[in-house]
2 protein chains.
Amino acid sequence: MSIKEIESRRSVRKYCAQEVEQEKILRLLESARLAPSGSNTQPWQFIIVRSPETKARLAAADHGQTWMLSAPVFIVCIADLCSRVKDTAGIRLDEQSPDEELKQIIRDTAIAMEHILLEAQTQGLSTCWTAWFQQEDVRSVLHLPGDKYVCGIITVGYGDEAPEPRPRKVLEDIVRYETW
Amino acid sequence: MSIKEIESRRSVRKYCAQEVEQEKILRLLESARLAPSGSNTQPWQFIIVRSPETKARLAAADHGQTWMLSAPVFIVCIADLCSRVKDTAGIRLDEQSPDEELKQIIRDTAIAMEHILLEAQTQGLSTCWTAWFQQEDVRSVLHLPGDKYVCGIITVGYGDEAPEPRPRKVLEDIVRYETW
């Protein structure tokens, strides 16, 4: 028996107007809070956005994906460099930053984000992980310091569509034994 | 009710000698196969290692963590740049590579890896996500091409310890509302 949320979850891009209970949002955040991370650094920060104005500006920054606006809640998921680097003064992370630590905090924040996606499925909520933006555009909307890196904006709501599963590679194309 | 695997999973660094059924390994890989990824690119590759010689060389590359050797199976989890970049000739990814696409494939491979960790919990297996290595050291053991980036080596086996939960930050320290 596999984890049913892993099997059943789909990216949903159309939501009902129904609000999302704050208690459920807290459950999602709790699942993220429990995520494992390198050296238990927990390099993640989350911004809950419900304001229509801010959502509109974020969707505009996120390649103008207006479908996002039907979701009552956005969770902006941020990897925080200062969890691993003592002096981040003057740092301004972007898509071309070479830092090793940035790779580590992106990895760890992705784990926590996936917990949110799976937990939402348990809570009867639908989600989509979006990341079609440039750091600077989201940074300016949310007044993020330069040592923060936005890993994604998760739309959250009660789904108003039931997409079919997307195709996946067969196991034989992604698994090897003993060596490359 | 939250996902029980998220709540109960611990990193385990001591394993029983008992072998892990190949059927269970395939369940773990299936959960990884189903993971979401940017534009459904599925940029992951997995190498299943059971050979004691290869495990010893990998543990040596992984900061000499000899505890790893008690695990009967290693799953080496690889982000594959050629899933997003057409011409990867001459590329040799390492910890300082600045590529935007590398950040994306690390993110996506981390999602698939976390599916493996959670699914292992369902299967009664224990795991530890390790990543205390340099790319070049693991690359040479497994003969990996330069456009592959190792996101981690997961140890898998039946646990022989039951660690207490590690501390986590409180929600108030990782959640904000509407803006930074």
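Residues numbered from 1 in each chain as written. Chains lettered and ligands numbered in written order. Predicted model: local features only at pLDDT ≥ 70, side-chain atom pairs only at ≥ 80, totals over all residues. Heavy atoms only, no water.

1. Structural notes on the sheet that holds strand β2 (residues 73–80) of chain B
Pairing is mixed in the open sheet, where five strands are placed in the order β5(A)-β1(B)-β2(B)-β4(B)-β3(B). The outermost strands of the open sheet, each flanked by one partner alone, are β5 (175–177) of chain A together with β3 (126–130) of chain B. Neighbouring strand axes in the sheet, compared pairwise and without regard to direction, differ in orientation by 25 degrees on average. Looking at chain direction, strand β1 (residues 44–49) of chain B and β2 of chain B are connected through six bridges and run antiparallel. Pairing of V49 of chain B across the sheet is with F74 of chain B, part of β2 of chain B. Sheet strands touched by helix α2 (residues 22–33) of chain B: β5 of chain A together with β1, β2 and β4 (148–157) of chain B. Its angle to β1 of chain B, the strand with the most contacts, is close to 165 degrees. (Pairing = 2+ DSSP bridges. Helix = DSSP H or I, 4+ residues; strand = E, 2+ residues; numbered from the N terminus. Axes fitted to C-alpha atoms, helices over the stretch in contact; angles between N-to-C directions. Contact = heavy atoms within 4.5 Å.)

2. Brief notes about the interface of chain A and chain B
Contacts between the two partners involve 73 residues from chain A, matched on the other side by 74 residues from chain B. The largest share of the area that chain A buries against chain B comes from R168, E178 and W180 of chain A, three residues that together contribute 13% of it. Counting across the interface, chain A meets chain B through zero salt bridges. For the side of chain A that touches chain B, the secondary-structure elements that each account for two or more residues are α1 (4–8), α2 (22–33), β1 (44–49), α4 (100–122), β4 (148–157) and β5 of chain A. Among the residues making up the side of chain A that touches chain B, the classes are represented as 34 nonpolar, 17 polar and 22 charged. By the bridge criterion, three bridges tie β1 of chain A to strand β5 (residues 175–177) of chain B in an arrangement that is parallel. In the sheet register, I48 of chain A faces β5 of chain B, and the bridge partner there is Y177 of chain B. (Buried area = accessible area lost by both parts, 1.4 Å probe. Salt bridge = Lys/Arg side-chain N within 4 Å of Asp/Glu carboxyl O. Nonpolar A, V, L, I, M, F, W, Y, C, P; charged D, E, K, R; others polar.)

3. Comments concerning the sheet that holds β4 of chain A
As summarised here, the arrangement of the five strands in space is β3(A)-β4(A)-β2(A)-β1(A)-β5(B), forming an open sheet in which the pairing is mixed. Each of the sheet's edge strands pairs with one partner strand only, and the pair in question is β3 (126–130) of chain A together with β5 of chain B. When the angles between neighbouring strand axes are averaged without regard to direction, this sheet yields 25 degrees. As paired strands, β3 of chain A and β4 of chain A are joined by five bridges and run antiparallel to one another. Paired with C128 of chain A across the bridge in β4 of chain A is T155 of chain A. Helix-sheet contacts for helix α5 (residues 135–142) of chain A involve β1, β2 (73–80) and β4 of chain A, and the interaxial angle to β4 of chain A is about 75 degrees.

4. As for helix α5 (residues 135–142) of chain B
Residue and element names in this part refer to chain B. All of the buried residues in α5 are Q135, V138, R139, V141 and L142. All buried residues of α5 project into a common sector of 165 degrees when viewed along the axis, lining one side. Buried residues along α5 sit in contact with β1, α3 (52–61), β2 and β4. Two residues or fewer past α5, H143 is found with a positive phi of approximately 60 degrees. (Buried < 20%, exposed > 50% of the residue type's maximum accessible area, 1.4 Å probe, protein only. Arc of directions from axis to C-beta.)

5. Considerations on the nonpolar core
Soluble globular proteins tend to pack their nonpolar side chains together in the buried interior. In terms of nonpolar packing, the biggest core is built from 72 residues, with F46 and I75 of chain A together with F46 and I75 of chain B touching the most fellow members. In this structure I75 of chain A touches L28, F46, I47, I48, I116, G152, I153, I154 and V156 of chain A, once residues within four positions along its chain are discounted. (Core = buried A, V, L, I, M, F, W, Y, C linked by side-chain atoms within 4.5 Å.)

6. Describing the packing of aromatic side chains
Inspection of the entire model under this criterion finds zero aromatic pairs over all chains. The side chain of R176 of chain A reaches across the aromatic face of W180 of chain A, ending 3.6 Å from its centre. The ring of F74 of chain B carries K55 of chain B above its face, with NZ or CZ at 5.6 Å from the centroid. (Phe/Tyr/Trp six-rings, centres within 6.5 Å; stacked < 30°, edge-to-face > 60°. Lys NZ or Arg CZ within 6 Å of the ring centre and 35° of its normal.)

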